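For reference, the chains in residue letters:
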Amino acid sequence: MDKIRAFTRGRSQAMAEGRLLMGVPMSRHTTFGIGGPADCMYLPNGAEDTLHALQDARAMGLAVTLIGNGSNLLVRDGGIEGLVIKIAAPMSRVEASGHDGWIAQGGISLARLSAVACQMGLGGLAFASGIPGALGGGLCMNAGAYGGTLSDVVEAVRIVGDDGLRWVEASRLHFAYRHSEIPRLGIAVEARLKLHPAPVEEIRCQMADLAKRRREKQPLAYKSAGSYFKRPEGDYAARLIEAAGLKGLTVGGAQVSGLHAGFVINLGGATAGDVLALEKQIVSRVEQQFGIRLEREVRVIGRE
């Protein structure tokens, strides 16, 4: 904790616009509602103070963990050592970049970004209207749903790394299924998006249809991290889990959703230990029955 105290006392003036929080329960900062405390959390207001926070932490030898809206994330019960940089609501501005393009900050929620695009008659983001994450985190994992992915609309990403701030063209980020090179390069703080004109009512109808499908098929009444497993080649994780008879399987406060077997839900009071023990059973049973080893999509971080 000496490094944390030194960091909070000596943080640069360039970080003054952001918020610094101590001992924050990560259960408040994840859609799973699970996770022990972070030693220290910083919510920057822009690219420059994100850079200075990273530089200050590196200079003091602090471990740095990046999060966005906390979806697709499981924080272990021991919490997170060092500094958590959260790219969230304070970084949610959007600026026009040509008649059909934008520069959006990484903290804007994908739901809000989709809604703004709809209001402006720009298509290409309707698929993201129900994804619970923020743009920055979504870019890192190339988030997608219902046949669309962020890589379809991204031209370039502005990244904060150990070497400073720079724009990186999408072609150099090697977007693939639930993958990009961004986590290796640094922190996604902005993106330049290329959309296309479309009738507002047409976009609204598409978004309403996707919202209806989500309500019918996904356990939205419970906290979760979204789809827990990646889609195995040629099949679906949910189909395999259901076929293995695992719907409703429960460990502590964690359960395989009875509505959609691809979701692990928090019934209330679930721990990371509960979720990981449940995951182990799922993976083992599916592999035994079908010879397919499921791979976790959710990112797991923190101390045991």
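Residues numbered from 1 in each chain as written. Predicted model: local features only at pLDDT ≥ 70, side-chain atom pairs only at ≥ 80, totals over all residues. Heavy atoms only, no water.

S.K.: Help me understand the pairing of strand S12 (residues 164–169), please; the structure alone is not making it clear to me.
M.R.: Successive side chains on a regular strand alternate, one facing one side of the sheet and the next facing the other. Across six bridges, the pairing between strand S11 (residues 154–161) and S12 is antiparallel. Note that in S12 the partner of valine 160 across the bridge is leucine 165. (Pairing = 2+ DSSP bridges. Helix = DSSP H or I, 4+ residues; strand = E, 2+ residues; numbered from the N terminus.)

S.K.: Looking at this structure, how should I read the pattern of salt bridges?
M.R.: Note on pairing: side chains with opposite charge can pair once their charged atoms come close. Under the criterion given, the structure shown has 18 salt bridges. In this structure, arginine 158 and glutamate 190 form a salt bridge, with 3.2 Å as the shortest nitrogen-oxygen distance. Linking arginine 158 in strand S11 with glutamate 190 in strand S13 (residues 187–194), this pair joins segments that are 32 residues apart in sequence. Accessibility expressed as a relative area gives 17% for glutamate 190, which makes it buried. For arginine 296, the salt bridge is made with glutamate 279, and the minimal N-O distance between the two is 3.0 Å. Taken as a pair, arginine 296 in the loop between helix H8 (272–290) and strand S19 (299–301) and glutamate 279 in helix H8 lie far apart in primary sequence, 17 residues in all. (Salt bridge = Lys/Arg side-chain N within 4 Å of Asp/Glu carboxyl O. Buried < 20%, exposed > 50% of the residue type's maximum accessible area, 1.4 Å probe, protein only.)

S.K.: What is the right way to look at the environment of tyrosine 222 in this model?
M.R.: With respect to the secondary-structure elements, tyrosine 222 resides in the loop between helix H6 (200–217) and strand S15 (223–227). Overall, tyrosine 222 belongs to the partly exposed group, its relative accessible area being 41%. Distance from tyrosine 222 to aspartate 163, taken between C-alpha atoms, is 41 Å for residues 59 residues apart in sequence. Setting aside its immediate chain neighbours within four residues, tyrosine 222 contacts Ile265, Asn266 and Leu267. (Contact = heavy atoms within 4.5 Å.)

S.K.: Sorry, what's going on with the sheet that holds strand S18 (residues 263–266) here?
M.R.: One key point about sheets: their strands pair by backbone hydrogen bonds, in either a parallel or an antiparallel sense. The strand order across the open sheet built from four strands is S15-S18-S17-S16, with neighbouring strands paired in antiparallel fashion. Strand pairing shows two members of the sheet lacking a second neighbour, S15 and strand S16 (250–251), which therefore form its edges. Note: S16 against strand S17 (residues 254–256), two bridges, orientation antiparallel. Paired with threonine 250 across the strands is glutamine 255, a residue of S17.

S.K.: Got a minute to help me understand the nonpolar core in this structure?
M.R.: Note that soluble globular proteins tend to have their nonpolar side chains buried in a common cluster. Judged by nonpolar contacts, the single largest core of 32 residues is most densely connected at Leu113, Leu125, Leu135, Leu139, Leu150, Ile182 and Leu193. Elements with a contribution of two residues or more to this core: strand S7 (101–105), helix H3 (110–119), helix H4 (135–140), S11, helix H5 (182–185) and S13. With sequence-adjacent residues up to four places away left out, leucine 139 is seen in contact with Leu150, Val154, Val157, Phe175, Ser180, Ile182, Ala188 and Ala191. (Core = buried A, V, L, I, M, F, W, Y, C linked by side-chain atoms within 4.5 Å.)

S.K.: Help me understand the environment of alanine 188, please; the structure alone is not making it clear to me.
M.R.: Topologically, alanine 188 is positioned in strand S13. Counting along the chain gives 96 residues from alanine 188 to serine 92, while the straight-line C-alpha distance between them is 13 Å. Residues within four places of alanine 188 in sequence aside, it is in contact with Ile87, Gly106, Gly136, Leu139, Val157, Arg158 and Ile182.

S.K.: Sorry, what's going on with the sheet that holds S12 here?
M.R.: Spatially, the five strands line up as an open sheet ordered S6-S7-S13-S11-S12, and their pairing is antiparallel. The sheet is open, and its two edges are formed by strand S6 (94–96) and S12, each paired on a single side. Pairs of neighbouring strands in the sheet enclose a mean axial angle of 20°, with direction left out of account. Across the face of the sheet, helix H2 (residues 47–59) comes into contact with S11, S12 and S13 while running at roughly 40° to S11. Strands in contact with H3 are S6, S7 and S13; relative to S7, the strand with the most contacts, it is inclined by about 155°. (Axes fitted to C-alpha atoms, helices over the stretch in contact; angles between N-to-C directions.)

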